[in-house]
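Below are the chains, spelled out letter by letter.
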Amino acid sequence: MTAATQGLHHVTAIAGDPQQNIDFYIRGLGLRLVKKTVNFDDPGTYHLYYGDESGRPGSLLTFFPWKGIRSGHVGTGQSTTTALSVPQGSLGWWQEHFKGLGVDSTVSGTSSEEERLSLRDPDGLQLDLVASSLTDPRDPWDSASVPAEYAVRGQHSSVLTVQRPEETLETLTRHLGLRVLHEKGGRYRLSTHDGEPGTVVDVVADPRGERGLVAGGTVHHIAFRVPDQRTQELWRQELAELGYAVTAILDRQYFTSIYFREPGGTLLEIATDTPGFDIDEPLLELGRSLKLPPWLEPSRDAISAAVARIDVPGENNPGEAPAARSSIIEERA
Ligand code: ZN
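The rules behind the values
- Residues numbered from 1 in each chain as written.
- Predicted model: local features only at pLDDT ≥ 70, side-chain atom pairs only at ≥ 80, totals over all residues.
- Heavy atoms only, no water.
- Helix = DSSP H or I, 4+ residues; strand = E, 2+ residues; numbered from the N terminus.
- Rg over C-alpha atoms; globule rule 2.2 N^0.38 Å.
- Buried < 20%, exposed > 50% of the residue type's maximum accessible area, 1.4 Å probe, protein only.
- Contact = heavy atoms within 4.5 Å.
- Pairing = 2+ DSSP bridges.
- Axes fitted to C-alpha atoms, helices over the stretch in contact; angles between N-to-C directions.
- Expected span 1.5 Å × (residues − 1).
- Arc of directions from axis to C-beta.
- Donors = N, O, S within 2.8 Å, 3.2 Å for Na, K, Ca; no water.

A. Representation of the overall build of the protein chain within the structure. Scanning the protein chain for helices and strands turns up six helices and 16 strands. By the compact-globule yardstick of 20 Å for 333 residues, the protein chain fits well, its C-alpha radius of gyration being 19 Å. In the protein chain, buried positions account for 54% of the 333 residues. Within the protein chain, counting contacts between residues at least 6 apart in sequence, those at least 24 apart form 67% of the total.

Laid out in structure tokens, this is it:
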């Protein structure tokens, strides 16, 4: 193949109420809303992007929120867990933080390699915070809700649950360039590199597992990184030659994308690092206003009327003094 991809780019999941989603990911997880736009394939609904300060590839979680959507169910042929990287020694702080928000979290699967805290978002999406023994040098978003010393560094990994792991492993290793680092009890750890946070996919074999249903509270697809569109085009040609039903290159405004399904059923995407989220608004103002791609701009009035009104908490913007932070300072004084 062309080369291995450079790691994970983003995860896209399906949510219900957009305001509930914003409150949880900004206040609960301390991420930054880096883009408020609409689903380009269904412009009457939002597409919300969360990440670090500038929404760097590998820090991104994105959601299609449809108010009132039925709940999906987790099962095979899906990405079943989305893991985010946090610093070593921070899980105790996170557990207290979630307790304060009324969110249940449990320590799970601790090993010499990593510690995990498992929780669900308001729609039931399975999230793990992972403190890896491998250092994560990425700078976090300095949010008012989560101090930088504990903050999420970006994606750690995604778990793909499949009935027959052999075919999925072949796609990921022979065709996408990941390598298997180890296997234990039907759980395979793969990485585009050496297992660093943001480069990892865990494939879990569940031979008799029921097929999942992608709807509210489940992952729609996961995306891998390529540097630019030229490399992406090479990937597209090679995947098509290998027999995958791969889409044309689609313009997602902040990156371009191709999509295809791995044999186990999960929808995969290959997305470019460029041009990024400051293409249509300044870095300091990311997420503040509804952004539309040029081809939807003529329909702005109709789109604005169709989408629900949502409030973005003040802590999304650098330099503003959010209520939570000033009250903590006052209490200490
Ligand atoms: Zn995507």
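B. Structural view of the side chain of Thr-171. Relative to the assigned elements, Thr-171 resides in helix α3 (residues 165–175). If we ignore the near neighbours within four places in the chain, the residues touching Thr-171 are Leu-176, Tyr-244, Phe-260, Glu-262 and Pro-263.

C. Main features of the sheet that holds strand β10 (residues 179–184). Across the sheet, eight strands lie side by side as β6-β7-β8-β5-β9-β12-β11-β10; this open sheet has mixed pairing. The open sheet has two free edges, formed respectively by β6 (105–108) and β10, since each of these has just one partner strand. Going across the sheet, the axis of each strand differs from the next one's by a mean of 25°, ignoring polarity. Relative to the sheet, helix α2 (residues 91–100) contacts β5 (78–86), β6, β7 (114–120) and β8 (126–132), its axis offset from that of β7 by approximately 10°.

D. The arrangement of unusual backbone geometry in detail. Residue Pro-275 is bonded to the preceding Thr-274 through a cis peptide linkage, with omega at 5°. Considering the arrangement of structural elements, one finds Pro-275 in the loop between β16 (267–272) and α5 (300–306). For Gln-253, which is not glycine, the phi torsion reads 75° and is therefore positive. Within the secondary structure, Gln-253 sits in the loop between β14 (250–251) and β15 (256–261).

E. Looking closely at the pairing of β8. Burial analysis of β8 places seven of its seven residues in the buried class, the great majority of the element. Residues Gln-126, Asp-128, Val-130 and Ser-132 point to one face of β8 and Leu-127, Leu-129 and Ala-131 to the other, with burial holding for every one of them. Relative to β8, β5 runs parallel, the two being bridged by five bridges. Bridge pairing in β8 links Leu-84 to Leu-129. Across seven bridges, the pairing between β7 and β8 is antiparallel. Residue pairing across strands places Arg-116 opposite Val-130, the latter belonging to β8.

F. Representation of helix α4 (residues 229–241) within the structure. The first and last C-alpha atoms of α4 sit 18 Å apart over 13 residues, in line with the 18 Å expected at 1.5 Å per residue. Within α4, burial applies to Thr-231, Gln-232, Trp-235 and Leu-239. Down the axis of α4, the smallest arc covering the buried residues is 100°, so these residues share one side. Every exposed residue of α4 that faces more than 90 degrees away from the buried side is listed here: Arg-230 and Glu-241. Along its buried surface, α4 packs onto α3, β13 (219–226), β15 and β16.

G. Broad picture of the coordination of the zinc ion. Taken together, the protein ligands of the zinc ion are His-10 (NE2), His-221 (NE2) and Glu-269 (OE), with distances of 1.9 to 2.0 Å. In primary-sequence terms, the residues that donate to the zinc ion follow H-x210-H-x47-E. With His-10 in strand β1 (residues 8–15) and His-221 in strand β13, this residue pair connects regions lying 211 residues apart in the sequence. With a relative accessible area of 2%, His-10 lands in the buried category. According to the relative accessible area criterion, His-221 is buried, its value standing at 3%.

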